[in-house]
Amino acid sequence: MSPHTTAAAAGTWRLGGDLPVHRIGFGAMRLTGSAPFDQGVPSDRERSLGVLRRAVELGVNHIDTAAFYFSSTRSANELINRALAPYPDDLVITTKVWPGRDPSGAWWWAAPGQLRGQVEENLRQLGRDHLDVVNLRVPPSRRGSSIAEHVGALAELRQAGLIRHLGLSNVTGEQLAEGRAVAPVVCVQNAYGIGAPREEQELVRQCGELGIAFVPFFAIAGSGRGYQENGAEVLAVARAHGASPAQVRLAWTLQQGPHVLAIPGTGDPVHLAENVAAGALRLTAAECALLSRTAG
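Report on the accompanying structure. Since we're looking at a predicted model, the values are computed, not measured.

With that settled, consider the overall build of the protein chain. Helix and strand counts for the protein chain come out as ten helices and eleven strands. C-alpha atoms of the protein chain, sized along the principal axes, occupy 50 × 45 × 35 Å. A total of 296 residues make up the protein chain; the buried ones form 53% of that total. Pairs at least 24 apart in sequence give 74% of the contacts found in the protein chain among residues at least 6 apart. When the accessible surface of the protein chain is summed, it comes to about 12200 Å², and 51% of that surface belongs to carbon and sulfur atoms. If the 27 positive side-chain charges of the protein chain are averaged to one point and the 27 negative ones to another, these points end up 2 Å apart.

Before going further, it helps to examine the environment of R53. Among the secondary structure elements, R53 is positioned in helix α1 (residues 45-57). Here the alpha-carbon distance between R53 and I80, two residues 27 residues apart in the chain, equals 8.9 Å. Setting aside its immediate chain neighbours within four residues, R53 contacts R82, A83 and L84.

Moving on to the sheet that holds strand β5 (residues 92-97). Spatially, the seven strands line up as an open sheet ordered β3-β4-β5-β8-β9-β10-β11, and their pairing is parallel. The open sheet is flanked by β3 (26-27) and β11 (213-214), the only strands paired with a single partner. Two elements, strand β4 (residues 62-64) and β5, share three bridges in a ladder whose sense is parallel. Across the sheet, residue H62 finds its bridge partner in β5, namely V92. Helix-sheet contacts for helix α4 (residues 148-159) involve β5, β8 (131-137) and β9 (163-169), and the interaxial angle to β9 is about 160°.

Right, let's talk about the packing of helix α2 (residues 76-84) against helix α3 (residues 115-126) for a bit. Their axes nearest at 8 Å, the elements α2 and α3 cross at an angle of 35°. Taking contact as the criterion, the partners of N77, E78, I80 and N81 in α2 are, on α3, N122, R124, Q125 and L126. Here the residues of the contact of α2 with α3 are counted per class, giving two nonpolar, four polar and two charged.

Close approach of charged atoms lets side chains of opposite charge pair. Within the structure shown, the criterion is met by twelve salt bridges. Salt-bridge contacts for E120 lead to R116; the nearest nitrogen and oxygen are separated by 2.8 Å. Linking E120 with R116, this pair stays in helix α3, spanning four residues, or about one helical turn. Each of R143, E199 and E200 takes part in a single network of salt bridges with overlapping partners.

Attention shifts here to unusual backbone geometry. Cis geometry marks the peptide bond from A85 to P86, where omega comes out at -5°. For W98, which is not a glycine, the phi torsion comes out positive at approximately 105°. Inspection of the secondary structure puts W98 in the loop between β5 and β6 (99-101). For W98, a relative accessible area of 1% gives the class buried. Located in the positive-phi region is N170, a residue other than glycine, with phi close to 60°. Here N170 is to be found in the loop between β9 and α5 (173-182).

Right, let's get into the side chain of H22. In this fold, H22 is placed in strand β2 (residues 19-22). In this structure H22 touches A7, A8, G11, T12, G59, N61 and H62, once residues within four positions along its chain are discounted.

Tracing the sequence through the fold places G50 in helix α1. What makes G50 partly exposed here is its relative accessible area of 34%. When the C-alpha positions of G50 and A85 are compared, they lie 13 Å apart, and in sequence the two are 35 residues distant.

With respect to burial, β5 is a largely interior element, six of its six residues being buried. At this point the chain moves from β4, through α2, to the parallel β5, and the crossover so formed is right-handed. Where β5 and β8 come together, four bridges link them in parallel fashion. Within β8, the residue paired with T95 across the bridge is V134.

Looking now at the packing of aromatic side chains. Scanning the model with the defined rule gives six aromatic pairs in all. Ring geometry for F37 versus Y69: centroids 6.3 Å apart, planes at 50°, classification tilted. With a gap of 32 residues between them, F37 in the loop between β3 and α1 and Y69 in the loop between β4 and α2 connect regions that are remote in the sequence. When sorted by exposure, F37 lands in the same class as Y69, which is buried. Site record: aromatic cluster; members linked through ring pairs are F37, F68, Y69 and W107. Above the plane of the ring of F70 lies R101, whose end atom (NZ or CZ) is 4.0 Å from the centre. Note that R101 overlies the ring of W107, its terminal NZ or CZ placed 5.5 Å from the centroid.

Cut-off values and rules
Residues numbered from 1 in each chain as written. Predicted model: local features only at pLDDT ≥ 70, side-chain atom pairs only at ≥ 80, totals over all residues. Heavy atoms only, no water. Helix = DSSP H or I, 4+ residues; strand = E, 2+ residues; numbered from the N terminus. Buried < 20%, exposed > 50% of the residue type's maximum accessible area, 1.4 Å probe, protein only. Contact = heavy atoms within 4.5 Å. Areas by Shrake-Rupley, 256 points an atom, 1.4 Å probe, with all protein chains shown as cover. Lys, Arg positive; Asp, Glu negative; His and termini not counted. Charge placed at Lys NZ, Arg CZ, Asp CG, Glu CD. Pairing = 2+ DSSP bridges. Axes fitted to C-alpha atoms, helices over the stretch in contact; angles between N-to-C directions. Nonpolar A, V, L, I, M, F, W, Y, C, P; charged D, E, K, R; others polar. Salt bridge = Lys/Arg side-chain N within 4 Å of Asp/Glu carboxyl O. Right-handed = clockwise from strand over helix to strand, strands pointing away. Phe/Tyr/Trp six-rings, centres within 6.5 Å; stacked < 30°, edge-to-face > 60°. Lys NZ or Arg CZ within 6 Å of the ring centre and 35° of its normal.

Shape descriptors only; they carry no functional weight alone.
Pasting the structure below:
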């Protein structure tokens, strides 16, 4: 895999049928510091701006962000705006609402009537007049509960022209069905990767049948995310391809279906190029099966 490989090597998916994106995208959460939110050391501003510009140069045209991606000195949305505006015509920016953070960093969860304010906050920070895709990020405590009111509130904003497409995040199959009964859903963003539980594997399959994009986060994460560390299987496949374990994890994830996208995040330009290059890595059927057997 060449370090000059572009995101086009991963193939393309059309979000909602009208927004073509390369299947390797970029997650903005790590732009603000060495750890999410205020948990690490703030990032170097110019380096973060450079990573964003380099991502677009490498063909990335799908960026995932949120207004609550900020540290004491950095805002992911502001960095995206500063680095990339005026935005390329083919750039799709996906954001998420329901969680929020006040200026002190304290978390809060929006009532349906407060979602408009969260959408407008993203619009202001990104400098846009509409959002391409907005994911309703379901709180862990509400997984399995009704989401109809919140989906309905976003559907109204879609009708008003503030949102182009709706997605769901951290949902069950039942919540996906409930959401689709209220409004069209173009993507599901859940935690997923090698070692994911069977219920998530089933949701990936279900999304494929429905023509909905599945956008995993934590695809290359190890401990602390419910998935396994890089075991012997991942390391063996990596050696066989002269690739890193992270690249193998991304390649396996993408090979779970043409509707599966990836949004690996980094603040490191070298890691960015490696992540994009993973879109060109093709594992054999035997290798995919070997890695899939490590799933839950």
